[in-house]
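Each chain, letter by letter, is given below.
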Amino acid sequence: MEFQDLQIMAEQERSRRKAIRIHCCTSSGCQASGALELFHQLQAAVEAAGQNERVDIVGVGCMGFCGQGPMVSVEADGVLFEHVRPEQAPEIIASLDGGPCNVKQGDHAHPFFSRQLHIVRRNGGVIDPERIEEYIAVGGYQALYHVLHEMSPAEVIDAITRSGLRGRGGAGYPTGLKWATVAKSPGERKFVICNGDEGDPGAFMDRSILESDPHLILEGMSIAAYAVGADQGYLYVRGEYPLAIARLQKAIAQARKHDLLGSQIFDTSFNFRVDIRVGAGAFVCGEETALIASIEGRRGQPRPRPPYPAEHGLWGYPTLINNVETFGNIAPIITNGADWYAGIGTERSKGTKVFALTGKVRNTGLIEVPMGMTIREIVEELGGGTPDGTPVKGVQTGGPSGGCIPEALFDTPVDYESLAEVGSIMGSGGMVVMDATTNMVEIARFYMEFCMDESCGKCIPCRTGTVQMYRLLSKISAGQATAADLATLEQLCHLLRETSLCGLGQSAPNPVQSTLRYFREEYERLLRKRVRINLTSR
Amino acid sequence: MAARTLTINGTLISARSNETVLEAAREAGISIPTLCHLDGLSEVGACRLCLVEIAGSAKLQPACHTTVTEGMEVQTDTPRLKAHRRAIVELLFAERNHICAVCVASGHCELQQLAVEVGMSHVRYEYLSPDCSVDISHARFGIDHNRCVLCTRCVRACDEVEGVHTWDIAGRGTNARVITDLNVPWGEATSCTSCGKCLLACPTGAIFSRGSTVAELERDASRIATIVAARNERW
Amino acid sequence: MNRLKLATVWLGGCSGCHMSLLDLDEWLIDLAAHVDLVYSPIADQKTFPEDVDLTLVEGAIANDEHLELIQDVRERSRMVVALGDCAVTGNVTALRNPLGEARSILQQVYIEHGDPRGILPSTPGIVPILVDQVVPIHMIIPVDLFLAGCPPSGPRIRAVLEALLAGTPPELVGGFG
Ligand SMILES: Cc1cc2nc3c(=O)[nH]c(=O)nc-3n(C[C@H](O)[C@H](O)[C@H](O)COP(=O)(O)O)c2cc1C
Ligand code: SF4
Ligand code: SF4
Ligand code: SF4
Ligand code: FES
Ligand code: FES
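For clarity, every value in this text was computed on a predicted model and none was experimentally measured. (Residues numbered from 1 in each chain as written. Chains lettered and ligands numbered in written order. Predicted model: local features only at pLDDT ≥ 70, side-chain atom pairs only at ≥ 80, totals over all residues. Heavy atoms only, no water.)

1. Description of the overall build of chain B
Counting its regular elements, chain B contains 6 helices and 10 strands. In summary, chain B has a C-alpha radius of gyration of 19 Å against a globular reference of 18 Å for 235 residues, a match within 12%. Counting over 235 residues, chain B shows a buried share of 56%. Relative to all contacts within chain B whose residues are 6 or more apart in sequence, the contacts with residues 24 or more apart total 62%. Looking at chain B as shown, the accessible area adds up to about 9,800 Å², and 49% of this sits on carbon and sulfur atoms. One way to put it: in chain B the 23 positive side-chain charges average out to a point 2 Å from where the 27 negative ones average out. (Helix = DSSP H or I, 4+ residues; strand = E, 2+ residues; numbered from the N terminus. Rg over C-alpha atoms; globule rule 2.2 N^0.38 Å. Buried < 20%, exposed > 50% of the residue type's maximum accessible area, 1.4 Å probe, protein only. Contact = heavy atoms within 4.5 Å. Areas by Shrake-Rupley, 256 points an atom, 1.4 Å probe, with all protein chains shown as cover. Lys, Arg positive; Asp, Glu negative; His and termini not counted. Charge placed at Lys NZ, Arg CZ, Asp CG, Glu CD.)

Printed below as a string of structure tokens:
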């Protein structure tokens, strides 16, 4: 494949397009509300209306408004339909020619859409993720070509460093720095791993990206492999994501067919293969050393770091491991330049972040917003506040490793440092809105139960500390605990944070500590003076 | 091998460049509590008892898994570390059913000794009282899960020294259990050579020789290191 | 000199700790020179008295009587010592905990492994009601000193008592089993 071939493919793809393109979301969210049936009905309606020459029904990736699915949009005039039922398909087709249409319409000008900035999700809801031609038609794989032919690995790393991109897997480690470390670590072989384990409850950003734009991730991984000197990549995706896996498999096969993966890519000496590894659904396998153990076929348990995977990773070789969304930013950075990217966001957090906005909020779904947007803007403008208009109490970000931020601090901008300062974390992008009815002790208990169930059991503080903490939270919640129990809980928070082996245990106290910090009275209200004990029930 | 100079608790000591903080400390006569570490086996850094403070690092580091560096300043016995160690030992006592009064290992048990070392007068946490099994299907040994602390010393001794890998861990979190072969009774684990290395390695009364009764189980875990050394040095 | 008011209490335990105390033989006579034994299973005293200086508690909390008594003990004693492993950890008394809550244990003991046609003992006010999970005493009341051992040896008990009489509370760790 040559650059010209890419352009020819793109041109061919564009010229075969019909006058009207109707996008029907066929990603998991909408599939769950019947999108596949709708897709077929839309095709049938086009057929029945004799519109085959003019109208194309395209199954596309996630549009972000998953709570309103199934979603359908008409490309040319930007009409957006929500909650479409299969039997409404003929109505939509008829409306193209001015027919009456009672299908609920969305509004592109709504802040939910207009305030977003799509970099990673720019193809979501726009292209058919199952056809490489569509990806190429929107400029896909040109960044890879550019990199292989016009940039040295060092220049690529320099561009990523200057862009200011930081890892989207949670910790926000500078991506360029990580790539540079892998590049200079000596090793006969090197590996690139894409972390698509996404185990946080409520998070579906990475799933959506993988389902909506698999080639974007493959291209990002290829560029990374070239930069660090790897020839083999692994996509680690959790088994609960069958659609993402299927689409990735298809994408890999297509890329290989067009020599965009494999040997001598774009007629250079660069070789890169990618294989999928399916995770068995353990949250801890998202932790990089556990993930590596899992790929190696061992029990998915973390090991102490250092040594870091960058030096001593998969089978002992230098290994680059990045999150799905991190890889999703790579091709756009190469295409538009590091300076462009560095111009978006805040001083220390560049670019955009994808969030899964859920909970007690009117507009739920996936949003991609520039770093630095305040929580208030996200919750009130994009999210539209609570469904019943009552005041918002707070948001939870970062899932089981994150914390709760009270409404009083909603002017906090979304960036790594600011969120950490208020006791939460950026995390991978879960954002759960809570209203006055939300019981903060129950929130803390929910996440602690998750950590307890997901603790791998290797280190003592996390393995048994999470059980003790869960029991104490249950006891408090049931009104059976004393002030001494609360003190023990706080002491355990401290213990787990400082002594656990991996991030799971170290951050498991976050939901407890942040709710104690801002909503302590909700705990204290539930305390009793004397110890109570259960007698035999007779 | 180049030498490194470092301080532990303010005392200047020298160590070989590939030594761990734990090794360097022990050579200098400074004791750091350990449980998952056993001389002769690989390090897993799991029990977290050996955590130490290192100047310039916000995180506590496991002495058993941290290599010495030039000028390193290590603290092994601060109030913060002591409090954490005591809490960790208490968590272990609360996790399974340690009834020392009826235990084969009483008096010769590393966990019991740790309780003394860390100053545990009582356990502040709720006893979880799990329902644990005892497997005496093996002709010579038994495993009592009531007393297992999941240190994986048996797993490593069997895998790394005997080269068999009869033992492994199944399940996760506090439901994790050591298993033999593919979770069959020990007596049916055909890979087991009955060498007894797991028995030597086990720090508690979990693995015992059949027929021993309360407080009778005395073993010398350092024999694992002797076997490994003999092999490496071709004695 | 004011004589110290000493009490000893026997909760869910085998009385071994009291035996160990009695093992101190003639030293008990020395002890008697300094203390008044105001309540004990080896003395005839029905209710736990007020204003006790030092109470040694043997045994874990296993039933409703223990629960009640331990509250009185705490309220009326200046210092409470958990004497022996059952008081400190639950120990042998707590061996029943993994088997389930009290009711299911009674079922197992009296019916399943006993007499299939038998009945569960139920004589309210006479036989105390079991707690679902046996717990060491510090789970119910604050405890000042933990003297582990099953039982703690006579000399160990004596060392503690001597220290307490001299007004220097001893540092006690470990000694389980
Ligand atoms: C318990 C635990 C779970 C994790 N789960 C994920 C995950 O699902 N996806 C992910 O990308 N990173 C996860 N991480 C972070 C990874 O260890 C690693 O830092 C990340 O993949 C690095 O990629 P980045 O630099 O692009 O963020 C997890 C970490 C911990 C401690
Ligand atoms: S912190 Fe938890 S998940 Fe991590 S190693 Fe320890 S037990 Fe396993
Ligand atoms: S293993 Fe050790 S701590 Fe556990 S019961 Fe036996 S002697 Fe006690
Ligand atoms: S059986 Fe013994 S050696 Fe094996 S994990 Fe349990 S305590 Fe450790
Ligand atoms: S899954 Fe259809 S809009 Fe997100
Ligand atoms: S001895 Fe170092 S972590 Fe266990």
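The discussion continues.
2. Considering the UniProt feature "domain: 4Fe-4S His(Cys)3-ligated-type" (unreviewed entry) in chain B
Under the UniProt annotation, "domain: 4Fe-4S His(Cys)3-ligated-type" (unreviewed entry) lies at residues 80–119 of chain B. For residues 80–119 of chain B, helix accounts for 60% and strand for 0%, while the C-alpha atoms at its two ends are 14 Å apart. (UniProt positions renumbered as here; feature names shortened; annotations may be inferred.)

3. Re the side chain of glutamate 522 of chain A
All names here are of chain A. In this structure, glutamate 522 sits in helix α23 (residues 510–524). One polar contact links glutamate 522 to lysine 393, side chain to side chain, over a distance of 2.6 Å. In contact with glutamate 522, not counting residues within four places along its chain, are Lys393, Thr438, Asn439, Met440 and Val441. (Polar contact = N/O pair within 3.5 Å; in protein donor to acceptor, adjacent residues only side chain to side chain.)

4. Examining the interface of chain A and chain C
Contacts between chain A and chain C engage 8 residues on the former and 17 residues on the latter. Both faces considered, chain A and chain C share a buried interface measuring about 1,100 Å² in area, 54% of it formed by carbon and sulfur atoms. Applying the counting rule to chain A against chain C returns 1 salt bridge. Across the contact surface, chain A and chain C share 2 residue pairs in polar contact (both at pLDDT 80 or more). For the side of chain A that touches chain C, a count of residues per class yields 3 nonpolar, 3 polar and 2 charged. (Buried area = accessible area lost by both parts, 1.4 Å probe. Salt bridge = Lys/Arg side-chain N within 4 Å of Asp/Glu carboxyl O. Nonpolar A, V, L, I, M, F, W, Y, C, P; charged D, E, K, R; others polar.)

5. A look at the domain arrangement of chain A
Assigned domains within chain A: domain 1 (15–113), domain 2 (139–342), domain 3 (352–435) and domain 4 (444–526). On a C-alpha basis, the centroid separation for the pair domain 1 of chain A and domain 4 of chain A is 47 Å. (Domains from an automatic or database assignment.)

6. Structural notes on the domain arrangement of chain B
All names here are of chain B. You can read the domains of chain B as domain 1 (3–77) and domain 2 (83–234). Just the C-alpha atoms count here: the centres of domain 1 and domain 2 sit 25 Å apart. Taken together, the contact between domain 1 and domain 2 spans 23 residues of the former and 22 residues of the latter. On the domain 1 side of the interface with domain 2, the three residues burying the most area are Leu35, Leu41 and Leu49, jointly 39% of the side's total. Taken together, domain 1 and domain 2 are joined by 1 salt bridge. We note a salt bridge from aspartate 77 to arginine 85, for which the minimum N-O separation is 3.7 Å. At the surface where domain 1 touches domain 2, the tally comes to 8 residue pairs in polar contact (both at pLDDT 80 or more).

7. Comments concerning the environment of arginine 530 of chain A
Considering the arrangement of structural elements, one finds arginine 530 of chain A in the segment after α23. Its relative accessible area of 44% is what places arginine 530 of chain A among the partly exposed residues. In this structure the C-alpha to C-alpha distance between arginine 530 of chain A and glycine 457 of chain A, which are 73 residues apart in sequence, comes to 33 Å. Non-local contacts of arginine 530 of chain A, meaning those with residues more than four positions away in its chain, are made with Thr482 of chain A together with Gln71 and Glu75 of chain C.

8. A few points about the environment of arginine 54 of chain A
Residues and elements named next belong to chain A. Within the fold, arginine 54 resides in the loop between α3 (35–48) and β2 (55–60). A C-alpha to C-alpha distance of 8.5 Å links arginine 54 and arginine 21, two positions 33 residues apart in sequence. When residues no more than four places from it in sequence are discounted, the contact partners of arginine 54 are Lys18, Ala19, Ile20, Leu96 and Asp97. A distance of 2.7 Å separates the side chain of arginine 54 from the side chain of aspartate 97, its partner in a polar contact.

9. Quick word on the sheet that holds β2 of chain A
All names here are of chain A. Ordered in space as β2-β1-β3-β4-β5, the 5 strands form an open sheet in which the pairing is mixed. At either end of the open sheet lies a strand with only one pairing partner, and these are β2 and β5 (105–106). Inspection of the sheet shows strand β1 (residues 20–25) paired to β2 by 6 bridges, in the parallel sense. Directly across from cysteine 24, in β2, lies its bridge partner glycine 59. α3 rests against β1, β2 and β3 (72–74) of the sheet, and its axis sits at about 170° to β2. (Pairing = 2+ DSSP bridges. Axes fitted to C-alpha atoms, helices over the stretch in contact; angles between N-to-C directions.)

10. Comments concerning the site of ligand 4
Surrounding ligand 4, one finds 13 residues, the nearest of these being Cys148, Cys151, Thr152, Cys154 and Cys202 of chain B. Within the shell around ligand 4, the residues separate by chemical class into 11 nonpolar, 2 polar and no charged. (Near = heavy atom within 4 Å.)

11. A few points about the sheet that holds strand β9 (residues 319–323) of chain A
Residues and elements named next belong to chain A. Strands sit in the order β8-β7-β6-β9 across an open sheet of 4 strands; the sheet is parallel. Unpaired on one side and paired on the other, β8 (273–279) and β9 mark the two borders of the sheet. For this sheet, the mean angle separating the axes of adjacent strands, direction not counted, is 20°. Here strand β6 (residues 191–196) pairs with β9 via 5 bridges, running parallel. Considered in β9, the bridge of isoleucine 193 is made with isoleucine 321.

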